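Next come the chains, spelled out residue by residue.
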Amino acid sequence: MNIAIRMLKVSTFILWAVIIFFSVTSVYSVMNLGVNVGEVQMHPSSNGVTLALPFSIDNSGYYEIADLNLTTRATDPSGTVLDLTETFVSSIPQGTIINASHKIEIGLDDIMALDYTSLLLEDSEFNVEIFAALNFARAVPVQLSTSTTIPWGAPLANFFVGDISVDNIANGEASMRLSFENHAILDLEGTLKLEVYAAGSSQDLVASSVTGISVRSGQSFDQRIYVNVNPQDALKLTSGARVHVVFETPMFTVEWDEQYG
């Protein structure tokens, strides 16, 4: 009986020694885990933009890292989710470094489902929450989280419609200044339609214009464009008139109202 008790004590001691050793080395491994997240890079894609999040993990600990799951959630300023993406790495052996890139796809159709007019006319930013979960030696779970912001450049930033200058009232020839800056990473190609309605009326169309737009990323548009004015309606181009803007591209159509005069 005494021998059995002594063996049990020895086994218990060994078990606790193993548990303590594993606990200490696991903590050491966690403390020496090297995680580096690079700057998010934004690139144009076929249906919107792609955010590339480069990262590296240096496993300098004593154990294999298993089941790494990197999850990102991108939201607009109001908190609406634009994208939820996961990247999975099954194993990072002890003493190795992995370099990878996590990609976040944001389609223009997702942006159009939001209050898209402000995103097209005003620079803003997206919020990106980053969650990482992994296991040391397939036994010790670890979770990490952080967040960052991604600047969003408006394709029609500082949009401005100037007063109409009537060049030849008899022929209905007129022009107006139109300007904006393409702060987006996407080139802008489309058709801009302007409809000017008399002050206080939603149906009295007094002038209109259709202009082809081609502005590369980072460039500006500032031109006087041709406007068709009904000669009998020229006097209605007063302060308070409403300009209805319709911008059509192969990827989206947006429309909004501007104040004239």
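Residues numbered from 1 in each chain as written. Predicted model: local features only at pLDDT ≥ 70, side-chain atom pairs only at ≥ 80, totals over all residues. Heavy atoms only, no water.

**Things to note about the overall build of the protein**
Link 1 in the chain: Along its length, the protein carries three helices and 15 strands.
Link 2 in the chain: Put simply, 62% of the contacts in the protein that link residues at least 6 apart link residues at least 24 apart.
Link 3 in the chain: If you sum the accessible surface of the protein, you get close to 14,200 Å²; carbon and sulfur atoms cover 53% of it. (Helix = DSSP H or I, 4+ residues; strand = E, 2+ residues; numbered from the N terminus. Contact = heavy atoms within 4.5 Å. Areas by Shrake-Rupley, 256 points an atom, 1.4 Å probe, with all protein chains shown as cover.)

**Observations regarding the sheet that holds strand β5 (residues 81–92)**
Sheets are built from strands paired through backbone hydrogen bonds, the pairs being either parallel or antiparallel.
Link 1 in the chain: The antiparallel open sheet is built from four strands, whose spatial order is β5-β4-β7-β8. The open sheet terminates on both sides in strands that have one partner only, identified here as β5 and β8 (140–152). Pairs of neighbouring strands in the sheet enclose a mean axial angle of 15 degrees, with direction left out of account.
Link 2 in the chain: Where strand β7 (residues 124–136) meets β8, 13 bridges bridge the pair, whose relative direction is antiparallel. From the neighbouring strand, Phe136 faces β8, where its bridge partner is Val140. (Pairing = 2+ DSSP bridges. Axes fitted to C-alpha atoms, helices over the stretch in contact; angles between N-to-C directions.)

**Thoughts on the sheet that holds strand β10 (residues 173–181)**
Link 1 in the chain: A sheet is described by the order of its strands in space; here seven strands give the open sequence β9-β10-β13-β12-β11-β14-β15, paired in antiparallel fashion. The open sheet has two edge strands, β9 (157–168) and β15 (253–259), and neither has a second partner. Taken pair by pair, the neighbouring strands of this sheet meet at an average axis angle of 20 degrees, ignoring direction.
Link 2 in the chain: Relative to β15, strand β14 (residues 242–248) runs antiparallel, the two being bridged by seven bridges. From the neighbouring strand, Glu248 faces β15, where its bridge partner is Thr253.

**Considerations on the pattern of salt bridges**
Link 1 in the chain: Under the counting rule described, the total for this entry stands at five salt bridges.
Link 2 in the chain: Among the salt bridges present, the one from Glu129 reaches Arg73, with a minimum N-O distance of 2.6 Å. Of this pair, Glu129 sits in strand β7 while Arg73 sits in strand β4 (residues 65–75), placing them 56 residues apart in sequence.
Link 3 in the chain: By relative accessible area, which is 27% here, Glu129 ends up partly exposed.
Link 4 in the chain: In this structure Arg73 comes out as partly exposed when scored by relative accessible area, which is 32%.
Link 5 in the chain: Taking the shortest distance from any N to any O, the salt bridge between Asp222 and Arg177 comes out at 3.0 Å. Residue Asp222 is located in strand β13 (residues 220–229), and its partner Arg177 is located in strand β10; the two are separated by 45 residues in the primary sequence. (Salt bridge = Lys/Arg side-chain N within 4 Å of Asp/Glu carboxyl O. Buried < 20%, exposed > 50% of the residue type's maximum accessible area, 1.4 Å probe, protein only.)

**Overview of the environment of Gly212**
Link 1 in the chain: Within the fold, Gly212 resides in strand β12 (residues 205–215).
Link 2 in the chain: On the basis of relative accessible area, Gly212 is assigned to the exposed category, the value being 58%.
Link 3 in the chain: Gly212 sits 21 residues away from Thr191 along the chain, and the two C-alpha atoms are 4.6 Å apart.

**A few points about the side chain of Thr71**
Link 1 in the chain: Note that Thr71 resides in strand β4.
Link 2 in the chain: Assessed through its relative accessible area of 14%, Thr71 is described here as buried.
Link 3 in the chain: Of note is the side chain of Thr71, whose polar atom sits 2.8 Å from the side chain of Asn69.
Link 4 in the chain: If near-sequence neighbours (up to four positions away) are discounted, Thr71 is found in contact with Leu84, Thr85, Glu86, Glu129, Ile130 and Phe131. (Polar contact = N/O pair within 3.5 Å; in protein donor to acceptor, adjacent residues only side chain to side chain.)

**Observations regarding the confidence of the model for the protein**
Link 1 in the chain: Per-residue confidence for the protein gives a mean pLDDT of 76, with 77% of residues at or over 70.
Link 2 in the chain: Below pLDDT 50 for its whole length, residues 7–19 participates in zero contacts with residues either more than four positions away or in separate chains. (pLDDT = per-residue confidence, 0-100.)

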